[in-house]
Amino acid sequence: MLNLNSDIPIQKIQAPEIDLKGIELYLRREDLNHPLVSGNKLRKLKYNLEEAKNQNKDTLLTFGGAFSNHILATAAAGKELGMKTIGVIRGEEMLPLNPTLTDSHSYGMHLAYLDRSSYRNKNEDSLIQSLRDKFGDFYLIPEGGTNALALPGVREIMDWEAGTYTHICCPVGTGGTLAGLISGAREGEQFLGFSALKNALSLEEDVRLLSAKEKGCWNINHEFHFGGYAKAPKTLLDFILDFEGKFSIPLEPIYTGKMMWGILDLISKDYFKVGSKILAIHTGGLQGRRGFDYLAKQVSK
Ligand SMILES: *Cc1c(COP(=O)(O)O)cnc(C)c1O
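What counts as what
Residues numbered from 1 in each chain as written. Predicted model: local features only at pLDDT ≥ 70, side-chain atom pairs only at ≥ 80, totals over all residues. Heavy atoms only, no water. Buried < 20%, exposed > 50% of the residue type's maximum accessible area, 1.4 Å probe, protein only. Helix = DSSP H or I, 4+ residues; strand = E, 2+ residues; numbered from the N terminus. Arc of directions from axis to C-beta. Contact = heavy atoms within 4.5 Å. Pairing = 2+ DSSP bridges. Axes fitted to C-alpha atoms, helices over the stretch in contact; angles between N-to-C directions. Domains from an automatic or database assignment. Buried area = accessible area lost by both parts, 1.4 Å probe. Salt bridge = Lys/Arg side-chain N within 4 Å of Asp/Glu carboxyl O. Nonpolar A, V, L, I, M, F, W, Y, C, P; charged D, E, K, R; others polar. Near = heavy atom within 4 Å. Polar contact = N/O pair within 3.5 Å; in protein donor to acceptor, adjacent residues only side chain to side chain. Areas by Shrake-Rupley, 256 points an atom, 1.4 Å probe, with all protein chains shown as cover. Core = buried A, V, L, I, M, F, W, Y, C linked by side-chain atoms within 4.5 Å.

All right, on to helix α9 (residues 203–211) then. Every buried residue of α9 is listed here: Leu 203, Glu 204, Val 207 and Ser 211. Along the axis of α9, the buried positions cluster into a sector of 100°, meaning they face one direction only. Buried positions along α9 lie against α7 (150–155), β7 (167–172), α8 (176–182), β8 (190–195) and β9 (218–221). Phi turns positive, to about 60°, at Ala 212, one or two residues after α9.

If you want it as structure tokens, here you go:
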């Protein structure tokens, strides 16, 4: 069983521009849920790992980009549980390995590479079969870790008392995390996801199918993608450094920085009613900051 920290801090984000609107904003530090890897990816893995054990599989195989939080989380989970892991990485091998892949490898993950056009077939039986021919039997986890078994692990994030918050916010990539949260929705809770992708038009449908919940208690905002997945203009990077300076909480540009910018922007535009109590989920991913020189340089100054 994965060992997740059961005592996750929830910090109040206190600033005059929030107080002035009669709103309270809190941040749940899921980035602190595990000593090796942080964030939602371990939550999504938890019950997949149980299922792999039940099926007597001793090897996990999954897919991701070279800076993937999910690849690193899978490697760390495999190390913790004594399971073999294979990471199939999009694109050619680049040496020296970047920090994400260096860590994944040091946790015992075998790294394999697929050129970009083959990688597109990652959900097709013929490609999976060729991987089985090569590596033997494995438990397959999809890219990003989103499947039906990801939801109950994410739902465990919701250990606050019912009635505590009016709004719960999270960043959205595949929608697995949002789907997991809303699958545990309680009376009076409104969920708002912030898409990190541009033109992610099928997200609503994906979340609806995964969670089996019609809209009503949830919504996805598409205004704060900053140009698309992994696009990080300087204004966003500066915002992250400013946020860190003010609140001593690190963010990263791919997901959590965009969400926090979005929440503060919506607060300034009176999107939330007076008296709203907002909980944002810090979904982690801080290891990915290492891919952004600008952040590293500013921090080391
Ligand atoms: C993967 C990831 C997300 C997106 O989660 P989905 O379940 O794919 O929507 C959000 N934040 C961080 C830090 C992530 O690594």
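Read on, since the account is not over.
Right, let's get into the sheet that holds strand β6 (residues 139–141). As summarised here, the arrangement of the four strands in space is β5-β4-β3-β6, forming an open sheet in which the pairing is parallel. The sheet is open, and its two edges are formed by β5 (110–114) and β6, each paired on a single side. Strand-to-strand, the axes of this sheet are offset by a mean angle of 20°, without reference to chain direction. Sheet topology places strand β4 (residues 84–90) next to β5; five bridges connect them, and they run parallel. Across the sheet, residue Ile 89 finds its bridge partner in β5, namely Tyr 113. Taken strand by strand, helix α3 (residues 69–81) contacts β3 (59–64), β4 and β6, and its axis lies near 165° from that of β3.

You can read the domains of the protein as domain 1 (10–35 + 152–294) and domain 2 (40–145). When the two sides are added together, the surface that domain 1 and domain 2 hide from each other amounts to roughly 1500 Å², 48% of it contributed by carbon and sulfur. Looking at the side of domain 1 facing domain 2, the largest losses of area belong to Glu 156, Gln 287 and Arg 290, adding up to 33% of the total buried there. When the shortest N-O distance is used, the salt bridge between Glu 30 and Arg 43 registers 2.8 Å. With three residues, the top contributor of residues to the side of domain 1 that touches domain 2 is α7. Looking at the side of domain 1 that touches domain 2 residue by residue, the class counts come to four nonpolar, 10 polar and four charged.

Before going further, it helps to examine the site of the ligand. Around the ligand sit 16 residues in total, of which Lys 41, Lys 44, Asn 69, Thr 174 and Thr 283 are the nearest. Here an oxygen atom of the ligand and a side-chain polar atom of Asn 40 are 3.1 Å apart. In this structure, Thr 283 approaches the ligand through a side-chain N or O atom, which is 2.6 Å from a nitrogen atom. Relative to its unbound accessible surface of 380 Å², the ligand loses 98% to contact with the protein. Breaking the shell around the ligand down by element, the ones donating at least two residues are α2 (40–54), β7 and α8. In terms of residue count, the dominant contributor to the shell around the ligand is α2 (three residues). Partitioned by chemical class, the residues of the shell around the ligand number three nonpolar, 11 polar and two charged.

Moving on, we get to the pattern of salt bridges. Taken as a whole and assessed by the stated rule, the structure comprises 20 salt bridges. For Asp 270, the salt bridge is made with Lys 21, and the minimal N-O distance between the two is 2.9 Å. Here the residue Asp 270 occupies a position in the loop between α11 (256–268) and β10 (277–282), and Lys 21 occupies one in the loop between α1 (16–19) and β2 (24–29), the gap between them amounting to 249 residues. The exposure class of Lys 21 is partly exposed, given its relative accessible area of 25%. A salt bridge links Arg 28 to Asp 159, with the shortest nitrogen-to-oxygen separation between them at 2.9 Å. Here the residue Arg 28 occupies a position in strand β2, and Asp 159 occupies one in the loop between α7 and β7, the gap between them amounting to 131 residues. Taken together, the shared-partner salt bridges connect Arg 28, Glu 30, Arg 43 and Asp 159 into one network.

Before going further, it helps to spend a moment on the sheet that holds β2. If you walk across this open sheet you meet the six strands as β1-β2-β10-β7-β8-β9, and the pairing is mixed. Each end of this open sheet is capped by a strand with a single partner; those strands are β1 (10–12) and β9. Along the sheet, successive strands turn relative to each other by an average axial angle of 25°, direction set aside. When β1 meets β2, the two strands line up antiparallel, connected through three bridges. Paired with Gln 11 across the bridge in β2 is Leu 27. The strands that α9 touches are β7, β8 and β9; relative to β9, the one it contacts most, it runs at about 150°.

Among soluble globular proteins, nonpolar side chains are generally buried collectively. Membership of the largest hydrophobic core comes to 33 residues, with the highest contact counts inside it found for Met 260 and Ile 263. Mapped by element, the contributors of at least two residues to this core are β2, β8, α10 (234–247), α11 and β10. With seven residues, the top contributor of residues to this core is α10. For Met 260, the contacting residues outside a window of four places in its chain are Leu 25, Leu 27, Phe 239, Phe 243, Leu 251 and Ala 280.

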